[in-house]
Amino acid sequence: MKKIASFAINHDLLRPGMYISRIDGDCVTYDLRMKTPNAGDYLDQKGLHTLEHLLATYLRNTDRSDQVIYTGPMGCRTGFYLVMRDAVSPAEAVELVRQAFRFAAEFEGDIPGASRIECGNWLEHDAADAKKEAAAYLRVLENCSADTMVYPE
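Cut-offs used in this document
Residues numbered from 1 in each chain as written. Predicted model: local features only at pLDDT ≥ 70, side-chain atom pairs only at ≥ 80, totals over all residues. Heavy atoms only, no water. Axes fitted to C-alpha atoms, helices over the stretch in contact; angles between N-to-C directions. Helix = DSSP H or I, 4+ residues; strand = E, 2+ residues; numbered from the N terminus. Parallel < 35°, antiparallel > 145°, perpendicular 65-115°, else oblique. Left-handed = near helix turned anticlockwise from the far one by under 90°. Contact = heavy atoms within 4.5 Å. Nonpolar A, V, L, I, M, F, W, Y, C, P; charged D, E, K, R; others polar. Buried < 20%, exposed > 50% of the residue type's maximum accessible area, 1.4 Å probe, protein only. Pairing = 2+ DSSP bridges. Salt bridge = Lys/Arg side-chain N within 4 Å of Asp/Glu carboxyl O. Core = buried A, V, L, I, M, F, W, Y, C linked by side-chain atoms within 4.5 Å. Phe/Tyr/Trp six-rings, centres within 6.5 Å; stacked < 30°, edge-to-face > 60°.

Draft legend 1. Looking closely at the packing of helix α1 (residues 45–59) against helix α2 (residues 90–105). Contact geometry of α1 with α2 gives a least axis separation of 9 Å together with a crossing angle of 125°. Regarding the angle of α1 to α2, the classification is oblique. Relative to α2, α1 is oriented so that their crossing is right-handed. For the pair formed by α1 and α2, the contact residues are L51, L54, L55, Y58 and L59 on the first element and L96, Q99, A100, F101, F103 and A104 on the second. Split by residue class, the contact of α1 with α2 holds 10 nonpolar, 1 polar and no charged.

See below:
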């Protein structure tokens, strides 16, 4: 079997940032890398789960919602993937991601979709951790632009 694109990236060179992972037709997959791979510091499952709910809710409620195909966590717990239509430019995607993480960092209230009937693991959430991780990633996003979205080689 051929190696999938995300396994062809040297994870020892990756640092937190936002990268274009791949382009498939009119779909762009963004790598929202929040943690340095294989460094021993990973997103906690409860906070990651809450962050998933917050990001998905925010992104599906913007004027770009029809361009959002998918957002979800990486199994390695170092970040998220965001798949969007290419009608959104990389510069616009960075700004949208900043807005989404700002929303998560400042979130107050009940976690969207976190009731027993809405979520398959409704007891495993941590809003405080999600807010902390979102705020940390916002600092990383300050240095991201369309020009910096290339994986290191």
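Draft legend 2. Structural view of the pairing of strand β2 (residues 27–33). Taking burial as the measure, the 7 residues of β2 include 7 buried ones, the bulk of the element. A two-sided burial pattern is seen for β2, the buried positions comprising C27, T29, D31 and R33 on one face and V28, Y30 and L32 on the other.

Draft legend 3. Molecular detail of the sheet that holds strand β4 (residues 79–85). A sheet is described by the order of its strands in space; here 4 strands give the open sequence β1-β2-β4-β3, paired in antiparallel fashion. Each edge of the sheet is formed by a strand with only one pairing partner; in this case those strands are β1 (17–24) and β3 (68–73). For this sheet, the mean inter-axis angle between neighbouring strands, taken without regard to orientation, is 15°. Note: β3 against β4, 5 bridges, orientation antiparallel. Bridging across to β4, V68 finds its partner in M84.

Draft legend 4. Fine view of the pattern of salt bridges. The final tally for this structure, using the stated rule, is 10 salt bridges. Across the pair K35 and D41 runs a salt bridge, and its minimum N-O distance is 3.0 Å. In this structure D41 comes out as partly exposed when scored by relative accessible area, which is 43%. Within this structure, K35, D41, D129, K132 and E133 form a network of salt bridges that share partners.

Draft legend 5. Representation of the nonpolar core. Counting 33 residues, the largest nonpolar core has M18, Y30, L32, L51 and F101 as its most contacted members. Those elements that provide at least two residues to this core are β2, α1, β4, α2 and α3 (127–141). Apart from the residues lying within four places of it in its own chain, the contact partners of F101 are L32, M34, L51, L55, A134, Y137, L138 and L141.

Draft legend 6. Highlighting the packing of aromatic side chains. Scanning all chains against the criterion turns up 4 aromatic pairs. Relative to F107, the ring of F103 has its centre 5.6 Å away and its plane inclined at 65°; by these criteria the two rings are edge-to-face. What makes F107 buried here is its relative accessible area of 13%. One aromatic cluster in this structure is built from Y58, F103 and F107.

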